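Residues per chain, in single letters:
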Amino acid sequence: MIFEAPMLLRCDGKPFATIARYGYETPWATAQLRADDPAELDRANRAAALDRWSCEQAEKLTDDDYDAQDERERVRLGLSDADVRHYESAAWTIVTADGTERQAYSLDFADGHIQWRW
């Protein structure tokens, strides 16, 4: 299903992007984004990539190896500790076409798209 009316993605109460297309297949919602600030969207994409890397590697590596490789991955992605903390702790909400603001859970950004759970 494609939701024709645009929705607004907010980060900590501030506009972040417009959701241009919307699809839903239980349990995931997906959308294409038009960023208010492309640099912020790029940072979110990189932070999400680090989060995916972390989930994949956590079971495979010893704690010491994980810590060292995590630091290298952060540097490779050009992320500061503050960038990562912000992505992990931000309150993400979506304002639907009728003006209702709903929390979005398990956000994942990739290449101008987003996936989340309502």
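You'll find the structure just up there.
No experiment lies behind these values; they were computed from the predicted model shown.

Okay, the nonpolar core next. The biggest cluster of nonpolar side chains holds 30 residues, and the ones touching the most others in it are L9, F16, I19, F109 and W116. Ranked by residue count, the leading element in this core is helix α1 (residues 38–57), at six residues. For F16, the residues in contact, after removing those within four places along its chain, are L9, R10, C11, A35, D36, D37, E40, L41, A44, W92 and F109.

Tallied over the full model, the rule gives zero disulfides. Here C11 stays unpaired: no disulfide links it, and the sulfur of C55, its closest cysteine neighbor, is 19 Å away. Given a relative accessible area of 8%, C11 falls into the buried group.

As a volume, the largest pocket reaches approximately 170 Å³. In terms of lining, the largest pocket is formed by D51, Y87, E88, A90, A91, W92, Q103, A104, Y105, S106 and L107. For the lining of the largest pocket, the elements supplying multiple residues, two or more each, are α3 (81–89) and β6 (105–110). Per-element tally for the lining of the largest pocket: the top contributor is β6, with three residues.

This structure, assessed with the given rule, holds eight aromatic pairs. Plain terms: the ring middles of F16 and W92 are 5.0 Å apart, the flat faces sit at 90° to each other, and that makes the pair edge-to-face. With F16 in strand β2 (residues 14–25) and W92 in strand β4 (residues 92–95), the pair connects residues that are 76 residues apart, well separated along the chain. Residue F16 shares its accessibility class with W92, and that shared class is buried. Ring geometry for W116 against W118: centres 5.5 Å apart, planes inclined by 80°, an arrangement best described as edge-to-face. Exposure remark for W116: the relative accessible area of 0% places this residue in the buried category. On the basis of relative accessible area, W118 is assigned to the partly exposed category, the value being 24%. An aromatic cluster is built from F16, Y87, W92 and F109, whose rings are joined through pairwise contacts. In this structure, R117 is placed above the aromatic ring of W28, and the distance from its NZ or CZ to the ring centre is 4.3 Å.

With that out of the way, let us pick up unusual backbone geometry. For the bond running from T26 to P27, omega is 0°, close enough to zero to count as cis. For S106, which is not glycine, the phi torsion reads 55° and is therefore positive. Inspection of the secondary structure assignment puts S106 in strand β6. Residue classification places S106 among the partly exposed residues on the basis of a relative accessible area of 47%. Positive phi, close to 50°, is recorded for D111, a residue that is not glycine. By secondary structure assignment, the location of D111 is in the loop between β6 and β7 (113–117).

Conventions and cut-offs
Residues numbered from 1 in each chain as written. Predicted model: local features only at pLDDT ≥ 70, side-chain atom pairs only at ≥ 80, totals over all residues. Heavy atoms only, no water. Core = buried A, V, L, I, M, F, W, Y, C linked by side-chain atoms within 4.5 Å. Buried < 20%, exposed > 50% of the residue type's maximum accessible area, 1.4 Å probe, protein only. Helix = DSSP H or I, 4+ residues; strand = E, 2+ residues; numbered from the N terminus. Contact = heavy atoms within 4.5 Å. Disulfide = S-S within 2.5 Å. 1 Å grid on protein atoms, 1.4 Å probe; cavity = no way out; pocket = protein on both sides within 12 Å on 5 of 7 lines; lining within 4 Å. Points joined across faces, edges and corners; volume = space filled by probe spheres on them. Phe/Tyr/Trp six-rings, centres within 6.5 Å; stacked < 30°, edge-to-face > 60°. Lys NZ or Arg CZ within 6 Å of the ring centre and 35° of its normal.

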